[in-house]
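Reading the structure
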Amino acid sequence: MATKKKQVARELLFGDLWEFDPAPETAPAGIADRYGLFIGGEFVAPKSKKWFDSISPRDEAKLSEIALAGQADVDAAYAAAAKAFPAWSKLPGAERGKYLYRLARLLQDRAREFAVAETLDGGKPIREARDFDVPMAAAHFFYHAGWADKLEYAAPGRDLRALGVVGQVIPWNFPLLMLAWKLAPALALGNTVVLKPAETTSITALKFAELIRDAGLPPGVVNIVTGAGETGAAVVRHKTAAKIAFTGSTSVGKWIQRELAGTGKRLTLELGGKGANIVFEDAAIDQAVEGIINGIFFNQGHVCCAGSRLLVQESIEAVVLRKLKLRMKSLRTGDPLDKNTDIGAINSKQQWERITELVDAGASEGAEIHQPACELPKKGFYFPPTLLSGVTQSHRVVKEEIFGPVLSILTFRTPDEAVEKANNTAYGLSAGVWTDKGSKYLAVASQLKAGVVWGNSFNKFDPTSPFGGFKESGFGREGGRQGLLEYGELV
Ligand code: NAD
């Protein structure tokens, strides 16, 4: 009886009684009406003479007009990068490091503005843009600034040389952070760059171009071309590129790998994932529930390493499910500019349709769908936090990457079964293990085919820590010494 009362009190506390007043972020985003291409140190109109609209998934309002780079524009960007390469690569590392420090500090100076722009453009909650994306992006520049004059320690006894001009293509889920992951190591080592942001989220990359200009980086060291898949393909195929670094979907990654075969170009691929979050019966359950929530609902689940498959030991399934549903009730889905929002807008209509289609497929295959009651904004693209139970490993929702706020629950009885189910996927990017026993964590983690395995935590990132996948999640690492080495040639 007492337990029942306690539960009701918690439900009231978390779910029904408490309502927060809206707390919208008011800082201006500083978004221009129109952005040209950033080539040779300045913004230029596209030779293609084409532009496209960038809209906010928050309310479908137009934010800006973005240049659509054609082949001649990509050629110009590569020519500028090639021209800048000799001087930039010969600059003493300490000098390159100064530019990177400057970029990091300039980003910190305008952190609030960048956070608002990122939220408007991509739909992520302002809390996450402000406390994660922008500070982490600055941290990557600080970290790699530190490497620039210490390259002899990155590969002791060997000479580490820049590769040349690097082509980089990034996705829409962490636009500024992915830019930082790509630019910082490439520049620290003395490469020059042609970077293409995703078509739905070009704005913070173009705002970053302003910082590049303000930092006085030599013209052509970084060039930013905007556009969709066709522009990306032109960047990937370009004969000037010594290396291509791609983050995005597995299908495009496979195409790029085929395209580059036999060209001698270096390639790193950071692709999709279907991470397993494994909870043993000896875990601290409340802590694990927080980790499960963070693992799947962070950034609306638009996270390549999201813990989208929950594997719970059978003996604790009921209690974990009950606590998860209770916790989900307290999540606020809605205006990403509101500081109280936990789950913001889905990045695009196209992505919203994909999530909807996969959840519908789950329902038609017999999944039980749990979504807490919540009122979603009328305009914009929103999807409620969703839990799918009663699923098996053969369900589409368990096999395919949904890239949205959707969690599937499976159970296991023994550690061996947990490992077998966790590894039963085409992907191999991330996993989480929740247990009170260090030895159990180590035994399980060492058998998981995943680039990163978190212990009693999830979605923890640090510039010093390499990140990357196995199997269809790609190859190569970003971050840490390993990530740095991907941008150099050892002689
Ligand atoms: P996407 O592959 O559709 O697009 C990624 C980028 O590639 C965009 O800039 C796009 O314009 C460009 N592109 C599209 N077609 C291209 C082509 N033929 N040639 C060259 N470039 C092309 O992926 P997305 O939907 O933008 O991103 C979501 C995917 O990214 C998910 O699968 C996610 O798991 C993955 N991702 C992986 C990581 C990682 O580190 N492993 C990180 C973030 C996102």
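Counting of residues starts from 1 at the beginning of each chain's written sequence and follows it residue by residue. With pLDDT at 70 or above as the cut-off, local features in this predicted model cover only qualifying residues; side-chain atom pairs require 80 or more to be listed or tallied, and sums for whole chains, interfaces and linings still use all residues.

**Focus on the overall build of the protein**
The cut-off we apply is this: A run of DSSP states H or I qualifies as a helix once it reaches four residues; a run of E qualifies as a strand once it reaches two. Both are numbered from the N-terminal end. Just to be clear, the radius of gyration here is over C-alpha atoms, and the globule rule we use is 2.2 Å times residues to the power 0.38. Two residues form a contact once the distance between their C-beta atoms, set from the backbone, is within 7 Å.
A tally of regular secondary structure across the protein gives 17 helices and 20 strands. Relative to a compact globule of 491 residues, whose C-alpha radius of gyration would be 23 Å, the protein shows 23 Å and is just as compact. Once the C-alpha set of the protein is aligned to its principal axes, its extents read approximately 75 × 50 × 40 Å. If you take every contact in the protein between residues at least 6 apart in sequence, the share linking residues at least 24 apart comes to 73%.

**Describing the site of the ligand**
Rule in force here: Placing a C-beta atom from the backbone of each residue, we mark the residue near a molecule or strand if the atom is within 6 Å of it. Amino acids outside the nonpolar list (Ala, Val, Leu, Ile, Met, Phe, Trp, Tyr, Cys, Pro) and the charged list (Asp, Glu, Lys, Arg) are all regarded as polar, and Gly is one of them. As used throughout, domain bounds are those supplied by an automatic or database domain assignment.
Taken together, the neighbourhood of the ligand is formed by 29 residues, with Gly229, Gly232, Gly248, Glu270 and Cys304 sitting nearest. Of all elements in the fold, only helix 9 (229-237) and helix 10 (250-260) reach the threshold of two or more residues within the shell around the ligand. Here the element with the most residues in the shell around the ligand is helix 9; it accounts for four residues. Among the residues forming the shell around the ligand, the class breakdown is 14 nonpolar, 11 polar and four charged. Two domains each donate at least three residues to the shell around the ligand, and these are domain 1 (34-271 + 473-490) and domain 2 (276-462).

**Things to note about the sheet that holds strand 17 (residues 430-434)**
Test applied: When DSSP locates at least two bridges between a pair of strands, those strands are taken to pair. Comment: axis = line fitted to C-alpha atoms, over the contacting stretch for helices; angle = value between 0 and 180 degrees taken between N-to-C directions.
Pairing within the open sheet is mixed, and its seven strands lie in the order 14-15-16-13-12-17-18. The two strands at the open ends of the sheet, each matched to only one other strand, are strand 14 (368-370) and strand 18 (452-455). Taken over all neighbouring pairs, the strand axes of this sheet differ in orientation by 20° on average, direction set aside. Against the sheet, helix 11 (residues 285-297) engages strand 12 (276-279), strand 13 (309-313), strand 16 (406-412) and strand 17, with an angle of about 170° to strand 17. Across the face of the sheet, helix 15 (residues 415-423) comes into contact with strand 12, strand 13, strand 16 and strand 17 while running at roughly 145° to strand 16.

**Notes on the sheet that holds strand 5 (residues 62-67)**
Here three strands make up an open sheet; going across it, the order is 1-5-4 and the pairing mixed. Bordering the open sheet on either side are strand 1 (34-35) and strand 4 (51-55), each of which pairs with just one other strand. Alignment of strand 4 against strand 5, held across five bridges, turns out to be antiparallel. Of the residues in strand 5, the one forming a bridge with Phe52 is Ile66.

**Comments concerning the pairing of strand 15 (residues 386-389)**
Bridge analysis of strand 14 against strand 15 gives three bridges, and the strand direction is antiparallel. When the sheet's bridge partners are listed, His370 is paired in strand 15 with Leu387. In the sheet, strand 15 pairs with strand 16 via three bridges, with the strands oriented parallel. Residue pairing for strand 16: Thr386 is matched across the bridge by Val406.

**Considerations on the environment of Leu260**
Selection criterion: Our exposure labels follow a C-beta count within 10 Å of each residue's own C-beta, placed from the backbone: buried means 20 or more other C-beta atoms, exposed means 12 or fewer, and partly exposed covers the counts in between.
The topology assignment puts Leu260 in helix 10. What makes Leu260 partly exposed here is the crowd of 19 C-beta atoms within 10 Å. For the pair Leu260 and Leu358, spaced 98 residues apart in sequence, the C-alpha separation works out to 32 Å. Sequence-distant contacts of Leu260, that is, excluding residues within four places in its chain, are made with Ile244, Lys265 and Leu267.

**Some thoughts on the packing of helix 5 (residues 126-148) against helix 7 (residues 175-188)**
Applicable threshold: Every angle not falling under 35 degrees, over 145, or within 65 to 115 is termed oblique; those three ranges are roughly parallel, roughly antiparallel and roughly perpendicular.
It is the contact of helix 5 with helix 7, at a shortest axis distance of 9 Å, that shows an interaxial angle of 5°. It follows from the interaxial angle that helix 5 and helix 7 lie roughly parallel. The segment helix 5 lies against helix 7, with Asp133, Val134, Met136, Ala137, His140, Phe141, His144, Ala145, Trp147 and Ala148 engaging Leu176, Leu177, Ala180, Trp181, Ala184, Pro185 and Ala188. A per-class count over the contact of helix 5 with helix 7 returns 14 nonpolar, two polar and one charged.

**Re unusual backbone geometry**
A positive phi angle, close to 65°, is found at Glu60, a residue other than glycine. Within the element layout of this structure, Glu60 appears in the loop between strand 4 and strand 5. Under the C-beta neighbour-count criterion, Glu60 is labelled exposed, with 12 such atoms within 10 Å. If you check the backbone angles, Gln300 has positive phi at about 55° while not being a glycine. Tracing the backbone through its elements, the reader meets Gln300 in the loop between helix 11 and strand 13. Looking at Gln300, the number of C-beta atoms within 10 Å reads 34, which means it is buried.

**Some details on the domain arrangement of the protein**
In many reports, interface size means the accessible area that the parts give up when they come together. If you check the domain split of the protein, you get domain 1 (34-271 + 473-490) and domain 2 (276-462). The C-alpha centroid of domain 2 is placed 30 Å from the C-alpha centroid of domain 1. Taken together, the contacts link 18 residues of domain 1 with 25 residues of domain 2. For the side of domain 1 that touches domain 2, the secondary-structure elements that each account for two or more residues are helix 4 (111-122) and helix 5. It is helix 5 that provides the largest number of residues to the side of domain 1 that touches domain 2, a total of four residues. Across the side of domain 1 that touches domain 2, the residue classes break down as five nonpolar, six polar and seven charged.

**Observations regarding the environment of Glu401**
With respect to the helices and strands, the residue Glu401 is situated in the loop between helix 14 (396-399) and strand 16. Each C-alpha atom, one on Glu401 and one on Gly483, is 25 Å from the other, the two residues being 82 residues apart in sequence. Once you skip the residues sitting within four places of it in the chain, Glu401 turns out to touch Gly272, Gly273 and Lys274.

**Some words on the pairing of strand 13**
Among the five residues that make up strand 13, five are buried, leaving the element largely enclosed by the rest of the structure. Burial of the side chains of strand 13 extends over both faces: Arg309, Leu311 and Gln313 are buried on one face and Leu310 and Val312 on the other. Sheet analysis places strand 12 next to strand 13, joined by four bridges and oriented parallel. Residue Val279 lies in a different strand from strand 13, and its bridge partner there is Val312.

**Quick word on helix 7**
Selection rule: A helix is expected to span 1.5 Å for every residue after the first.
For helix 7, spanning 14 residues, the distance from its first C-alpha to its last is 20 Å, which sits close to the expected 20 Å at 1.5 Å a residue. With 14 of 14 residues buried, helix 7 lies mostly within the body of the structure. Just past helix 7, the residue Gly190 takes up positive phi, approximately 100°.

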